[in-house]
Amino acid sequence: MATYTAPAKVNLSLRVSSKQREDGYHNVDILMAPIDLYDTLEFNNSRTTTLACDMPGVPTDESNLVFKAVREFEKVYGRKAKQRIALTKAIPHGAGLGGGSADAAVTLKALNEILGTNYAPEELQTMAANLGSDVPFFLNPVVSRCTGRGEIVTPEPQLAGWSRPLVLLKPQFAVSTPYAYKNLTCSRRLKGINYGTQVLDDIQFVNELERPVFAKFPVLAAMKTWLLEQEGARVALMSGSGSSVFALTDTPEQAKAIAEKARQELDPTLFVHCGTVNPQP
Ligand code: C5P
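Structure report, in brief. Everything numeric here is computed off the predicted structure, so don't read it as measured data.

**Here's the deal with the overall build of the protein chain**
A tally of regular secondary structure across the protein chain gives seven helices and twelve strands. Taken over C-alpha atoms, the radius of gyration comes to 19 Å for the protein chain, in line with the 19 Å a tight globule of 281 residues would show. Structurally, the protein chain occupies a C-alpha span of about 55 × 40 × 35 Å along its principal axes. The proportion of buried residues among the 281 residues of the protein chain is 52%. Once local pairs closer than 6 in sequence are excluded, the contacts in the protein chain between residues at least 24 apart make up 73%.

Right under this line is the structure:
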């Protein structure tokens, strides 16, 4: 048995070109960072490939990105991978935290090790990019600049040692990423909401998908505004295409206090994570 962990991410900044590319994607300029929220994947040799997942509602058939990663790997491998995979989910789905992408990237890395194929990072990168724009980042989840449609990943070594306490809130509903990108140019800003660039630790925090997503889900805009008002919250932003919003604080105690207050004042059914952005080894 081999066990691997897959971290979630948040987008510290996400800028999108308003023009759609010929392939239907948008060019982006993203600053992405891992957080200490992890899915776990267990691999066992087997007669066929199967997937089990502890979280109800997560598909375990060929539509799951883990399964798609196995099939993508097999295309290059030329043989069947034959793994029994058990996925334990901690990263919520439809949250803008890259959970499915992280699982897919870890599957590629795991198969490369377990099957002894030793494919080079560039080969894994190509497989990852075929699975989704965010997947290549998770092959080496360190603070990185992601460009192109998100698949061109450049680590930011000057931010390797940077870290901050984090509080992350996610309502029960999910947001569709294609929806956010499709409504980029036709959506309006809500009055009284701060969409502007925030600066902390010399990092610019901004997310241009907030405009279309907040227009459809004003409760997310209200959550961001509420976070910005909390004691100790230095920045607050939606992650990816939502529905998570997060704040960074000076101390873990401040993050914890905000999380408790959020459950009391906003919504007792919120998914809440208190932890660290870019946890240090
Ligand atoms: O690459 P991924 O499968 O994660 O993208 C999901 C959808 O999000 C795409 O089909 C596209 O509609 C949109 N997208 C985009 N531009 C990007 C990334 C995603 O338009 N850079």
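**Here we look at helix H1 (residues 65–77)**
Compared with the 18 Å implied by 1.5 Å per residue over 13 residues, the 18 Å span of H1 between its first and last C-alpha is a close match. Every buried residue of H1 is accounted for by Val66, Phe67, Ala69, Val70, Glu72, Phe73, Glu74 and Tyr77. Buried residues in H1 make contact with strand E2 (26–45), strand E3 (50–53), strand E4 (83–88), helix H2 (99–114) and helix H3 (121–131). Capping of H1 at its N-terminal end is provided by asparagine 64; its side-chain oxygen lies 2.8 Å from the backbone amide nitrogen of valine 66.

**Observations regarding the site of the ligand**
Taken together, Gly24, Tyr25, His26, Val28, Gly132, Ser133, Arg149, Thr177, Pro178 and Tyr181 make up the full set of residues adjacent to the ligand. Taking histidine 26, its main chain carries an N or O atom lying 2.8 Å from a nitrogen atom of the ligand. The protein chains hide 73% of the 450 Å² of surface that the ligand would expose on its own. When residues of the shell around the ligand are traced back to their parent elements, those giving at least two are E2 and helix H4 (177–182). Tallying contributions element by element places H4 first for the shell around the ligand, with three residues. Classifying every residue of the shell around the ligand gives four nonpolar, five polar and one charged.

**Structural notes on the pattern of salt bridges**
One pass over the full model with this rule turns up 15 salt bridges. A salt bridge links aspartate 134 to lysine 9; the shortest N-O distance between them is 3.9 Å. Placement of aspartate 134 in the loop between H3 and strand E5 (144–147) and of lysine 9 in strand E1 (residues 2–20) is noted, with a sequence separation of 125 residues between them. Put simply, Glu62, Arg71, Glu74 and Lys80 are held in one network by salt bridges that share partners.

**Regarding the pairing of E3**
Alignment of E3 against E4, held across four bridges, turns out to be parallel. Its bridge partner lying in E4, threonine 50 is registered against arginine 84. Handedness of the crossover is the feature at issue here: the chain leaves E3, passes through H1, returns alongside E4, and the resulting connection is left-handed.

**Notes on helix H6 (residues 218–229)**
Compared with the 16 Å implied by 1.5 Å per residue over twelve residues, the 17 Å span of H6 between its first and last C-alpha is a close match. Three or more residues of H6 are buried, namely Leu220, Ala221, Met223, Lys224, Trp226 and Leu227. Here the buried face of H6 lies against strand E7 (164–170), strand E8 (198–200), helix H5 (210–216), strand E10 (235–238), strand E11 (245–248) and helix H7 (252–265).

**Points about the nonpolar core**
Counting 65 residues, the largest nonpolar core has Leu41, Leu108, Val167, Leu169, Leu209, Leu220 and Leu227 as the members making the most contacts within it. With near-sequence residues (within four places) excluded, leucine 169 lies in contact with Met223, Trp226, Leu227, Ser243, Ser244, Val245, Ala262, Leu266, Leu270, Phe271 and Val272. Ala8, Leu37, Trp162 and Val235 belong to the second-largest nonpolar core, a separate cluster that totals 23 residues.

**Regarding the environment of leucine 111**
Along the chain, the position of leucine 111 falls in helix H2. For leucine 111, a relative accessible area of 0% puts it in the buried group. Leucine 111 sits 134 residues away from valine 245 along the chain, and the two C-alpha atoms are 33 Å apart. Residues in contact with leucine 111, not counting those within four places in the same chain, are Phe43, Val70, Phe73, Ala81, Gln83, Gly116 and Thr117.

**Some remarks on the packing of aromatic side chains**
With the rule as written, the count across this model stands at six aromatic pairs. Ring geometry for phenylalanine 137 and phenylalanine 138: centres 5.0 Å apart, planes at 80°, overall edge-to-face. We classify phenylalanine 138 as buried; its relative accessible area is 1%. Judged by centre distance (4.6 Å) and plane angle (15°), the rings of phenylalanine 173 and phenylalanine 217 are stacked. On the criterion of sequence distance, the pair formed by phenylalanine 173 in the loop between E7 and H4 and phenylalanine 217 in the loop between H5 and H6 is long-range, its members being 44 residues apart. Clustering of aromatic rings is evident, with ring pairs tying together Phe73, Tyr77 and Tyr119. Looking at arginine 149, its charged tip hangs above the ring of tyrosine 25, at a distance of 4.9 Å from the centre. Cation over ring: lysine 216 sits above tyrosine 179, and NZ or CZ is 4.4 Å from the ring centre.

Cut-offs applied
- Residues numbered from 1 in each chain as written.
- Predicted model: local features only at pLDDT ≥ 70, side-chain atom pairs only at ≥ 80, totals over all residues.
- Heavy atoms only, no water.
- Helix = DSSP H or I, 4+ residues; strand = E, 2+ residues; numbered from the N terminus.
- Rg over C-alpha atoms; globule rule 2.2 N^0.38 Å.
- Buried < 20%, exposed > 50% of the residue type's maximum accessible area, 1.4 Å probe, protein only.
- Contact = heavy atoms within 4.5 Å.
- Expected span 1.5 Å × (residues − 1).
- Polar contact = N/O pair within 3.5 Å; in protein donor to acceptor, adjacent residues only side chain to side chain.
- Near = heavy atom within 4 Å.
- Areas by Shrake-Rupley, 256 points an atom, 1.4 Å probe, with all protein chains shown as cover.
- Nonpolar A, V, L, I, M, F, W, Y, C, P; charged D, E, K, R; others polar.
- Salt bridge = Lys/Arg side-chain N within 4 Å of Asp/Glu carboxyl O.
- Pairing = 2+ DSSP bridges.
- Right-handed = clockwise from strand over helix to strand, strands pointing away.
- Core = buried A, V, L, I, M, F, W, Y, C linked by side-chain atoms within 4.5 Å.
- Phe/Tyr/Trp six-rings, centres within 6.5 Å; stacked < 30°, edge-to-face > 60°.
- Lys NZ or Arg CZ within 6 Å of the ring centre and 35° of its normal.

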